[in-house]
Amino acid sequence: MSKPKVAFFDFACCEGCQLQVANIGESLLDILDIIQVVEFREVMSEKWDGEFDVSFVEGSITDEHAVERIKKIRERSKILVALGSCATIGGVNGMKNCFPLEEVGKYVYGESYKFFPTLQTKAVHQVVPVDYFINGCPVYQPEFITVLKCILQGIPYYVPEYPVCVECKLNENVCMYDRGLTCMGPVTKAGCNSWCINNGNICYGCRGLTINPNTEGFKEVLKKYNIPEDFLMKKIEMYNKCRELDKQ
Amino acid sequence: MAKVVIKDSPYNLKKAKILDVKTLTEKEKLFKLVFEDKTWLDFEPGQFIMVSLMGIGEIPVSICSSPLNRHYFEICVRAVGKVTNSLHKLKTGDIIGVRGPYGNGFPIKMIEGHDLLIIAGGLGIAPLRSLILYSIDNRRDFGEIHILFGCKTPGELLFEDEIEEWGKRLDIHFACTVDRADPDWKGNVGLITSLIPGVDIDPLRTYAAVVGPPVMYKFVIKELLAKGLPVDQILLSFERHMKCGMGKCGRCQIQNLYCCKDGPVFTFKEIMDMAEAL
Amino acid sequence: MKIEQYRILEKSLINEFIDKLTSISKVSAPVYKGFNNYAFHEIKSADEVSLKYIPTIIPPKKYFLPIKETLLDFKKGNEFKVEPTVEYDNIVLFGVHTCDISGIKCLNMVLSDKPKDTGYLVRKKHITIIGLECNDYCDEYASCAFVGAHIPTTGYDLMFTELTDCFIIHIHSSKGMDIIEKTGIFKPADSNNIEELKALRNNKLRIFNNEIPTERRYLPDLFDRSFNASVWKELEQKCLSCGNCTAVCPTCYCFDIKEDVDLSLQSGERYRLWFSCQLDPFAKVAGGIDFRRERSARQRHRFYRKFRYHIDRYGMVFCTGCGRCSRTCMAKINLKEVLTSLIRESEAKIWRKWL
Ligand SMILES: Cc1cc2nc3c(=O)[nH]c(=O)nc-3n(C[C@H](O)[C@H](O)[C@H](O)COP(=O)(O)OP(=O)(O)OC[C@H]3O[C@@H](n4cnc5c(N)ncnc54)[C@H](O)[C@@H]3O)c2cc1C
Ligand code: SF4
Ligand code: SF4
Ligand code: SF4
Ligand code: SF4
Ligand code: FES
């Protein structure tokens, strides 16, 4: 069996997720044993004009040009994977949707904004069908490998439908609330093995809201800990703004 | 850390070889299996096994063949997700892992000597087929046998050949219905509940065995009660999320009952006052 | 109380004892993690140990039923092979409180029930438990006296109790006796020590007040009447379904089973992982149907698992009163308060009958 042909593409993003993949460490060699990377702007200059078995797409879709480009990539790819928060949930780019587009244009390009048409930020699945989602800003390397194995086995990968706290407790961390800090863990999708908390940071909620978050209850919790409510809403908005497009 | 092999682990699997795969509908396939060590799967109708595809997962599946068949056992699987879709890709000769049987199964000894009313909705026919085949094999031990089978469309009808044969038998009353007909369909149209008022049974000497999608139970039970069936003669088989199959993982719990161990077959009497059951 | 079963250890020698213990075996003991949190960790010397501690983040259950545990190693394809395995360690748990010992008893009950969990039984055989009795409540969340877990009864190899100027040690098994002999720093107990221990236990009955305004024997009755209590509905809004309360509970044992393959995709392991009835995927079946969709139903399920269902099945209350669930809940859902509200609510129905 020939190795599956794999490509990496980036849209509006910081390219940090691809960097995580490129820096995956010793297992990278094992991975390269089983896949053939045919396009990866960040690490190689080659291009490929055939069909892709698997395309990893980083970044969110923010203008007409990007829409056309992602549609072409989709057509050429048997499997399309959204890589990182910008791609899976719109990520930080979604903040743009908090303001009228005209205002955003003016802010970025000044009076010539009309020559730079912009669109509401969208996650990749809001433009073309996506087969696999790897959340995180940046992605968590072990989860990337898990998903890759699922792809190669031809089985779906289910993003955990429970919050980060679950993994955090099993890592026996001292809870941030006990330390007098806030943490987005209770309303954020798990799958990162509470990476940030294990390393002494709070959870910023980069993976997006869990499927069934109790945001009202969470506001009550913040009140109990004397944390202003809009502090939380801003944090939720920071990564989850594009979520409202899913509901339309 | 020391690591040892524990052959008597309850999670150990037996290798089963696929003897044959038959496509029944767009979504369902029938798998004929034998254990590689030539042992026999000793089970009761209504029991289930845990089927493993290594590296992919393990799922509960009802055994749908007759327990008296000593040559092979069968499962009928609908492709809905990870394991079931992967199972559909397997071919004759492939090996899968099996443990079990698990669960209580239908109370055959209680049913024998009585009339039997079988009500199957869609894939619910799978565990009931085992009961039907058993009662046909032991026909003289049962009274009247009624089979009601319903599914959404004619294209979803399972075990078509067998159904045709059951319909022809003199010693079985068989009726079938679809929710939505297609132009070729000549039979009944309507929900399965519409067939119940018409069956001619003596409610006090009848056991009803009902298996189908969760939404079906409430309506069917209502009709059966209206017919005068006693609550402890209505047998229901439930589907729950299952991981261990032996009353440990807690996934299948319905209040204080473990569906995998105390069920999956319950009398309506056992669960009628139980929230979370229906 | 047979005096031969008791030994004495001078208080000043406790660190020496722990150090000796670490030289003869792998030892795990409560360690301070900051912000009033403790955890059982492997220790190398006595300085790391906190003798005075409130229940650890995760109970010592983790040594008996590991958070993640391999069930099978397998090979796929033509060389299809499955090998059920167990990993175990000879380890001494030092300083286990009676509530956590009671939690381990609950696990024993479930996992040695048929079909036996052979992996668990192997692992358990290799663990030695040295208990440490609490002379006073650890904090206001504890309700160990309510469930009778505050006094040592069984389930340990050695039990340490602190008296005025020494520890008195109860030897409960030959495994415990081995440790006494190998460390060689214990003295025989005399009748004064025994008298002091008796007095301490009597005093405990006074200090450890019944924390919840009912008695254990009324629990089945209380819960039989409380399925539709309004408390559950209040929890609907409060609970975040974070699963912390179940992750830290010494008697929760629900799990998930998953697989991992190596990059060759040809071999791998099947493992089980702690899981929780509070989480969305717990009870969902194909088609997305969830028989406990509401948070209130999930919380109710947790309480019934602790205080009702297992009384019928195993004859035991599955709560040790350790208070972990209440301590860890950021929504401040408090076990003692929930029980108290249940009692208040059913007062009209049953409380009067008890008076
Ligand atoms: C006693 C019993 C008998 C059954 N008999 C049959 C049968 O004869 N034929 C048949 O096709 N199906 C049967 N099922 C259903 C079958 O077990 C599920 O369809 C299967 O587990 C889905 O697995 P999957 O990996 O393909 O789906 P997944 O990709 O894992 O998920 C699809 C959906 O199935 C649910 N699910 C996943 N694992 C389980 C599980 N262990 N138990 C229940 N639901 C689960 C998920 O929550 C999800 O909603 C039976 C179930 C039970 C409990
Ligand atoms: S630190 Fe954050 S993720 Fe961990 S348990 Fe506390 S709130 Fe949850
Ligand atoms: S810890 Fe509290 S908020 Fe979290 S699931 Fe338990 S009761 Fe709900
Ligand atoms: S329910 Fe709470 S108090 Fe009871 S054993 Fe579990 S964690 Fe401890
Ligand atoms: S709950 Fe009771 S036995 Fe457990 S640590 Fe607290 S006081 Fe000790
Ligand atoms: S499937 Fe594990 S308890 Fe029923």
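Everything quoted here is computed from the prediction, not taken from an experiment.

**Structural notes on the overall build of chain C**
A tally of helices and strands in chain C yields 13 helices and 12 strands. A globule of 355 residues ought to have a C-alpha radius of gyration of about 20 Å, and chain C, at 22 Å, matches this closely. Along the longest, intermediate and shortest principal axes, the C-alpha atoms of chain C span 70 × 65 × 40 Å. For chain C, the proportion of its 355 residues judged to be buried stands at 63%. Long-range contacts, defined here as pairs at least 24 residues apart, represent 73% of the contacts in chain C between residues at least 6 apart.

**A look at the site of ligand 5**
Taken together, 13 residues surround ligand 5, and among them His-97, Cys-99, Cys-134, Cys-138 and Cys-144 of chain C come closest. Counted by class, the shell around ligand 5 contains nine nonpolar, three polar and one charged residues.

**Here's the deal with the interface of chain B and chain C**
On the side of chain C, 53 residues touch chain B, which itself brings 47 residues to the contact. Both sides of the chain B and chain C interface together cover about 4500 Å² of buried area, and 57% of this is carbon and sulfur. Summed over the shared surface of chain B and chain C, the number is seven salt bridges. Where Asp-262 of chain B meets Arg-313 of chain C, a salt bridge forms, and the shortest distance between an N and an O atom there is 2.5 Å.

**Some points on the interface of chain B and chain A**
The interface is formed by six residues belonging to chain B together with five residues belonging to chain A. For the chain B and chain A pair, buried surface summed over both sides reaches about 410 Å², with 54% attributable to carbon and sulfur atoms. Put simply, chain B and chain A have zero salt bridges between them. Remark: the boundary between chain B and chain A carries one residue pair in polar contact (both at pLDDT 80 or more).

**Some thoughts on the confidence of the model for chain B**
When pLDDT is averaged across chain B, the result is 93; 100% of the residues are at 70 or more. When the elements of chain B are averaged for pLDDT, strand S11 (residues 188-189) of chain B gives the smallest value, 88, and strand S5 (residues 57-62) of chain B the largest, 97.

**Details of the sheet that holds strand S16 (residues 265-267) of chain B**
To summarise the sheet geometry, strands pair through backbone hydrogen bonds and adopt either a parallel or an antiparallel arrangement. Residues and elements named next belong to chain B. The mixed open sheet is built from seven strands, whose spatial order is S11-S10-S9-S8-S12-S13-S16. Each edge of the open sheet carries a strand with a single partner, namely S11 and S16. Across three bridges, strand S13 (residues 234-237) lies against S16 in antiparallel orientation. For Leu-236, the partnering residue across the bridge sits in S16 and is Phe-266.

**Observations regarding empty space enclosed by the protein**
The rolling of a water-molecule-sized probe over the atoms marks out the regions of remaining empty space. Counted according to the given criterion, the structure contains nine cavities of 30 Å³ or more. The volume enclosed by the largest cavity comes to roughly 120 Å³. If you go around the largest cavity, you meet 14 residues; those closest to its centre are Thr-246, Ala-247, Trp-274, Phe-275 and Ser-276 of chain C. Mapped by element, the contributors of at least two residues to the lining of the largest cavity are helix H7 (164-170) of chain A together with helix H9 (244-247) of chain C. By residue class, the composition of the lining of the largest cavity is 10 nonpolar, three polar and one charged.

**Looking at the confidence of the model for chain C**
As a general rule, the predicted coordinates of low-pLDDT regions are not to be interpreted in detail. On average, residues of chain C score 93 in pLDDT, and 98% of them reach the 70 mark or higher. Scoring the predicted complex yields pTM 0.93 and, for the interface, ipTM 0.91.

**Brief notes about the site of ligand 2**
Around ligand 2 sit Cys-165, Cys-168, Lys-169, Cys-175, Met-176, Tyr-177, Cys-183, Gly-185, Pro-186 and Ile-197 of chain A together with Asn-244 of chain C, and those are all the residues in its vicinity. Mapping the residues adjacent to ligand 2 onto the chains of the assembly identifies chains A and C. Examining the composition of the shell around ligand 2, we find that three residues originate from one element, H7 of chain A, more than from any other. Across the shell around ligand 2, the residue classes break down as eight nonpolar, two polar and one charged.

**Concerning unusual backbone geometry**
For the bond from Cys-137 of chain A to Pro-138 of chain A, the omega torsion is 0°, close enough to zero to count as cis. Topologically, Pro-138 of chain A is positioned in the loop between strand S5 (132-134) and helix H6 (141-153). Residue Gln-255 of chain B is not a glycine yet carries a positive backbone phi of 45°. You can see Gln-255 of chain B is positioned in the loop between strand S14 (253-254) and strand S15 (257-258). Notably, Asn-36 of chain C is not glycine yet its phi reads approximately 60°, a positive angle. As for its position among the elements, Asn-36 of chain C is in the loop between strand S2 (26-34) and strand S3 (37-43). Asn-36 of chain C gets classed as partly exposed once you look at its relative accessible area, which sits at 44%.

**Section: the sheet that holds strand S2 (residues 36-40) of chain A**
Residue and element names in this part refer to chain A. The five strands lie next to each other as S2-S1-S3-S4-S5, forming an open sheet whose pairing is parallel. Taken across any chain shown, the strands that pair with only one partner, and hence form the sheet edges, are S2 and S5. Here the strands of the sheet are splayed against their neighbours by 25° on average, with no regard to which way each runs. When strand S4 (residues 77-83) meets S5, the two strands line up parallel, connected through three bridges.

**Section: the pattern of salt bridges**
Applying the stated criterion across every chain yields a total of 51 salt bridges over all chains. Taking the shortest distance from any N to any O, the salt bridge between Glu-58 of chain B and Arg-99 of chain B comes out at 2.7 Å. Separated by 41 residues along the polypeptide, Glu-58 of chain B in strand S5 and Arg-99 of chain B in strand S7 (residues 95-102) bring together distant segments of the chain. The exposure classification of Glu-58 of chain B matches that of Arg-99 of chain B, with both residues buried. Of the charged contacts, one joins Lys-109 of chain B and Glu-112 of chain B as a salt bridge, the two residues approaching to 3.8 Å between their closest N and O atoms. What makes Lys-109 of chain B exposed here is its relative accessible area of 65%. By sharing partners, the salt bridges in this structure join Glu-58 and Arg-99 of chain B together with Glu-259 and Arg-270 of chain C into a single network.

**Some thoughts on a nonpolar patch on the surface**
Side chains of Val-92, Met-95 and Met-238 of chain A sit close together on the surface and give an oily, nonpolar patch of about 210 Å² of accessible area. Mapping Met-95 of chain A onto the fold places it in the loop between helix H4 (85-89) and helix H5 (101-109).

**A look at the packing of aromatic side chains**
Under the defined criterion, the tally for this structure stands at 34 aromatic pairs over all chains. With centroids separated by 6.0 Å and ring planes inclined at 40°, the aromatic side chains of Phe-48 of chain B and Tyr-102 of chain B adopt a geometry described as tilted. Here Phe-48 of chain B, found in strand S4 (residues 48-53), pairs with Tyr-102 of chain B, found in strand S7; they are 54 residues apart in sequence, far enough to count as distant. Considered together, Phe-48 of chain B and Tyr-102 of chain B belong to a single accessibility category, that of buried residues. Here Phe-40 of chain C and Tyr-53 of chain C contribute two aromatic rings whose centre-to-centre distance is 6.2 Å and whose plane-to-plane angle is 90°, an arrangement assigned as edge-to-face. Here the residue Phe-40 of chain C occupies a position in strand S3, and Tyr-53 of chain C occupies one in the loop between S3 and helix H2 (61-64), the gap between them amounting to 13 residues. You'll find Phe-40 of chain C and Tyr-53 of chain C in the same group, each marked buried. Cluster of aromatic residues (ring-pair linked, three or more members): Phe-223, Phe-227, Trp-232, Phe-303, Tyr-304, Phe-307 and Tyr-309 of chain C. Directly above the ring of Phe-291 of chain C sits Arg-240 of chain B, whose terminal nitrogen or CZ lies 3.3 Å from the centroid.

**Considerations on the domain arrangement of chain B**
Many structure descriptions define interface size as the accessible area lost when the parts assemble. Residues and elements named next belong to chain B. Domain annotation of chain B identifies domain 1 (14-102) and domain 2 (108-237). The distance between the C-alpha centroids of domain 1 and domain 2 comes to 24 Å. At the junction of the two partners, domain 1 supplies 19 residues and domain 2 supplies 17 residues. Overall, the association of domain 1 and domain 2 removes approximately 1400 Å² of surface from exposure, summing both partners, and the carbon and sulfur fraction of that is 63%.

Cut-off values and rules
Residues numbered from 1 in each chain as written. Chains lettered and ligands numbered in written order. Predicted model: local features only at pLDDT ≥ 70, side-chain atom pairs only at ≥ 80, totals over all residues. Heavy atoms only, no water. Helix = DSSP H or I, 4+ residues; strand = E, 2+ residues; numbered from the N terminus. Rg over C-alpha atoms; globule rule 2.2 N^0.38 Å. Buried < 20%, exposed > 50% of the residue type's maximum accessible area, 1.4 Å probe, protein only. Contact = heavy atoms within 4.5 Å. Near = heavy atom within 4 Å. Nonpolar A, V, L, I, M, F, W, Y, C, P; charged D, E, K, R; others polar. Buried area = accessible area lost by both parts, 1.4 Å probe. Salt bridge = Lys/Arg side-chain N within 4 Å of Asp/Glu carboxyl O. Polar contact = N/O pair within 3.5 Å; in protein donor to acceptor, adjacent residues only side chain to side chain. pLDDT = per-residue confidence, 0-100. Pairing = 2+ DSSP bridges. 1 Å grid on protein atoms, 1.4 Å probe; cavity = no way out; pocket = protein on both sides within 12 Å on 5 of 7 lines; lining within 4 Å. Points joined across faces, edges and corners; volume = space filled by probe spheres on them. Axes fitted to C-alpha atoms, helices over the stretch in contact; angles between N-to-C directions. Patch = residues over 30% accessible without salt bridge, like charges linked within 9 Å, V, L, I, M, F, W, Y side chains within 5 Å. Areas by Shrake-Rupley, 256 points an atom, 1.4 Å probe, with all protein chains shown as cover. Phe/Tyr/Trp six-rings, centres within 6.5 Å; stacked < 30°, edge-to-face > 60°. Lys NZ or Arg CZ within 6 Å of the ring centre and 35° of its normal. Domains from an automatic or database assignment.

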